[in-house]
Amino acid sequence: MRTPDHPFRAAARALAPGSGLLAALLLAGPLPEAEAAERKFVIAFQGDAATLDAQGRNETTTISIQAHMFDYLVFPAVQGGHEPGLALSWKPVSETKWLIRLRQGVRFHDGAPFTAEAAKEALLRAQGKNFPRSQMKHFTKGIRDIRVVDDATLEIETGQPWPTLHEDLANIAMVPVHYIQKAGDAAFARKPVGTGAYKFVEWVKDDHIDLEANPNHWKGAPAVKSVRIRPVPVDAARTAGLIAGEIDVVWGISPVDAKPLEQNPNVRIYRTITQRNMYLAFDHWRKEGGPFRKDGPHTPGIPQGAPNPFLNLKVRQAVAHAINVPELIQIVLHGSGEPATQLAPPQAFGYNKRLGRLPFDPGRSKRLLAEAGFPNGFKMRLDCTNDRYINDGPMCEAITGMLAKVGIQATPHPRTKAVYFTAMDNGDFTIYQAGWGTDTAGPTFSAVFHTQDHEKGMGRINRGRYSNKELDALIAKASAEMDDAKRQALWERAWEIAIGELSVLPLYQQEAIIAAQKNVQLKPRFNEWILAQEITLTGRN
């Protein structure tokens, strides 16, 4: 469908580079209060939800939107960690058995009660029962049995020690299986029912999702009563809509727009370093370049017949020494972000404080290339998105520019996220840029670093097929260690191996910049979500 031409989109098209119009707009005033009061509270994201089935897609924007309508047994806290959701408490009663106490008196939006039986059915569906397309299987793979003790108590049997079960439960929305059985998966994905703070009203794909506050929510009715979520892919359009007073909250303000917006008395700017770490991933399994074919023998990002340079650790180290991450943050991201040493934020359990980055050293990079048999460098393609992460297209170009200075002739190959991740999943890369956002060690290692094993659900994001048997054994041991101190030490060793071998190259921790009208108060979330139920207003509703 064609998206209606809203005034802020028209304004964005008028913002010619160097015209000064954007700077003027950034300092302009909002709509008159009487006009603003007639519309819904509008939150603008970069994109739309892929689905409204809360077990159908594991992607941040989609989940952030869904989390208005659904609750979780365990809920991600604003600044990391976890807090009670529909589960009042959770505790291991043995190494392989957990007792989950549920909140009573909660109802789905269709009036059906939320009970232990409903929770069990939601967990089974996440595992794939009657829903093979579930993207939450990874978080439930260790569950062997679920027993309903009473209406408010679940007993979960894991078969082997699983010290972080509660962290995985924080990813699984409590969907109403009774409703889905009547409506069908497809209808549920378009018109969802949950227990969340907001009830679904309408979804016009790529234009808006309308929600109304749930007056009977267990946390109490939200302060914001009527919400419209808009996908607005163009940065300037989101900013223009905010200044025009047609948008109340904008996720993903570009760093270059943030500073002038901070001068606008009608706007609040919120910043937070998030759990998302940007990185480069390498092809660890194909030996030489050639045309791409899924599961074929050739790596497509280097010339046909040329050896795959990234099979050599020295080449991966050369790439690390060639990239000046602090400069990338200052120039491409306008100071927004922090250098990363591993694919985890510093506050994450298992984070290794002893790890440092390989220093920016072009001379060392050239010597390593020569030692690896590439004294004159080589040609390659760097795959990246141009609409998923903050300034991802310019970042891709900047990285290729730095690589060129040490002799690596890299060509940026940006693609829209709509096709990019499928291509990466299929192996259409030699080296690519991406982001990973979680603060839990177990899911990170089992998804990104473990040897691929699709039957066991391991290595699902290990697209480069890195494999290390010692690391696999450490992951298994740490994942089953119930003693926190011992588990911390095991994860620290795991990071030493994964980063020491540069299975991937961490770049920087992404900062989220949120802009809002001056009457909007919120706490920016570590996990990059924006939730209307966590917003309070000093003015209109």
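Residues numbered from 1 in each chain as written. Predicted model: local features only at pLDDT ≥ 70, side-chain atom pairs only at ≥ 80, totals over all residues. Heavy atoms only, no water.

Observations regarding the overall build of the protein
For the protein, the count of helices and strands is 19 helices and 21 strands. Against the globule reference of 24 Å for 541 residues, the protein gives a C-alpha radius of gyration of 24 Å, in line with a compact fold. Projected onto its principal axes, the C-alpha positions of the protein cover 70 × 65 × 40 Å. Out of the 541 residues belonging to the protein, those deemed buried represent 57%. Long-range contacts, defined as pairs at least 24 residues apart, comprise 69% of the intrachain contacts of the protein with a sequence gap of at least 6. The average position of the 64 basic charges and that of the 58 acidic charges among the side chains of the protein differ by 2 Å. (Helix = DSSP H or I, 4+ residues; strand = E, 2+ residues; numbered from the N terminus. Rg over C-alpha atoms; globule rule 2.2 N^0.38 Å. Buried < 20%, exposed > 50% of the residue type's maximum accessible area, 1.4 Å probe, protein only. Contact = heavy atoms within 4.5 Å. Lys, Arg positive; Asp, Glu negative; His and termini not counted. Charge placed at Lys NZ, Arg CZ, Asp CG, Glu CD.)

Comments concerning the confidence of the model for the protein
Per-residue confidence for the protein gives a mean pLDDT of 92, with 92% of residues at or over 70. Taken together, the stretch residues 1–21 has pLDDT below 50 and engages in 32 contacts with residues farther than four places along the chain or on a different chain. Note that pLDDT drops below 50 for residues 31–37; the model gives that stretch seven contacts with residues more than four away or on any other chain. (pLDDT = per-residue confidence, 0-100.)

Focus on empty space enclosed by the protein
Applying the stated criterion across every chain, the model contains four cavities of 30 Å³ or more. The volume enclosed by the largest cavity comes to roughly 80 Å³. Taken together, 14 residues line the largest cavity, and the ones lying closest to its centre are Val448, Asn462, Gly464, Ser503 and Val504. Here the lining of the largest cavity is composed, by residue class, of nine nonpolar, four polar and one charged. (1 Å grid on protein atoms, 1.4 Å probe; cavity = no way out; pocket = protein on both sides within 12 Å on 5 of 7 lines; lining within 4 Å. Points joined across faces, edges and corners; volume = space filled by probe spheres on them. Nonpolar A, V, L, I, M, F, W, Y, C, P; charged D, E, K, R; others polar.)

With respect to the pairing of strand S9 (residues 208–213)
Most of S9 is tucked away: five of the six residues are buried. As paired elements, strand S8 (residues 198–204) and S9 share six bridges and run antiparallel to each other. By the bridge assignment, Phe200 is partnered in S9 with Leu211. In sequence, S8 turns back onto S9 through a hairpin of three residues, with Asp206 there showing a positive phi of about 65 degrees. (Pairing = 2+ DSSP bridges.)

A short note on the nonpolar core
Counting residues in each nonpolar core, the largest one holds 72 residues, and the members touching the most others are Ile323, Met380 and Phe445. Sorting elements by how many residues they give to this core places helix H19 (residues 484–500) first, with seven residues. When neighbours within four sequence positions are excluded, Phe445 is seen to be in contact with His450, Leu471, Ile475, Trp491, Ala494, Trp495 and Ala498. Residues Phe45, Ile100, Ile146 and Trp203 belong to the second largest nonpolar core, which totals 71 residues. (Core = buried A, V, L, I, M, F, W, Y, C linked by side-chain atoms within 4.5 Å.)

Some details on the packing of aromatic side chains
Taken as a whole, this structure holds 16 aromatic pairs when the rule is applied. Consider the rings of Phe108 and Phe114, whose centres lie 6.1 Å apart with planes at 70 degrees: the pair is edge-to-face. Judged on exposure class, the residue Phe108 and its partner Phe114 are both buried. A centroid spacing of 5.2 Å and a plane angle of 45 degrees characterise the contact between Phe445 and Phe449, whose relative ring orientation is tilted. Linking Phe445 with Phe449, this pair stays in helix H17 (residues 441–449), spanning four residues, or about one helical turn. Since its relative accessible area comes to 1%, Phe449 is described here as buried. Through a chain of ring-to-ring contacts, three or more aromatic side chains come together here, namely Phe282, Phe310, Phe374 and Phe378. Sitting above the plane of the Phe131 ring, Arg125 keeps its charged end 3.8 Å from the centroid. Over the ring of Trp285 we find Arg465, and its NZ or CZ is 4.2 Å from the ring centre. (Phe/Tyr/Trp six-rings, centres within 6.5 Å; stacked < 30°, edge-to-face > 60°. Lys NZ or Arg CZ within 6 Å of the ring centre and 35° of its normal.)

Observations regarding the side chain of Thr341
Mapped onto the elements, Thr341 comes out in the loop between strand S15 (338–339) and helix H14 (362–371). Looking at Thr341, its side chain comes within polar contact range of the side chain of Gln342, at 2.8 Å. Residue contacts for Thr341: discarding those within four places in its chain leaves Tyr351, Leu355, Gly356, Arg357, Ile499 and Pro506. (Polar contact = N/O pair within 3.5 Å; in protein donor to acceptor, adjacent residues only side chain to side chain.)

What about H19?
Counted at 1.5 Å a residue, the expected span for H19 with its 17 residues is 24 Å, and the 24 Å between its end C-alpha atoms agrees. All of the buried residues along H19 are Arg487, Gln488, Leu490, Trp491, Glu492, Ala494, Trp495, Ile497, Ala498 and Ile499. Buried residues belonging to H19 abut H17, helix H18 (469–479) and strand S19 (504–517). The N-capping residue of H19, defined by a side-chain oxygen 3.1 Å from the backbone nitrogen of Ala485, is Asp483. Leu502 lies just past H19 and shows a positive phi near 45 degrees. (Expected span 1.5 Å × (residues − 1).)

Points about the pattern of salt bridges
The tally for this structure, following the rule as stated, stands at 27 salt bridges. Among the ionic pairs, Arg415 bridges to Asp383, the shortest N-O distance being 2.6 Å. Highlighted residues: Arg415 in strand S17 (residues 408–415) and Asp383 in strand S16 (residues 378–385), separated in sequence by 32 residues. Each member of the pair, Arg415 together with Asp383, is buried. Through salt bridges with shared partners, one network takes in Arg354, Glu470, Glu492, Arg493 and Glu496. (Salt bridge = Lys/Arg side-chain N within 4 Å of Asp/Glu carboxyl O.)

Section: the layout of surface pockets
Volume-wise, the second largest pocket comes out at about 580 Å³. Taken together, 31 residues make up the lining of the second largest pocket; nearest its centre are Lys141, Gln160, Ser446, Met458 and Ser479.

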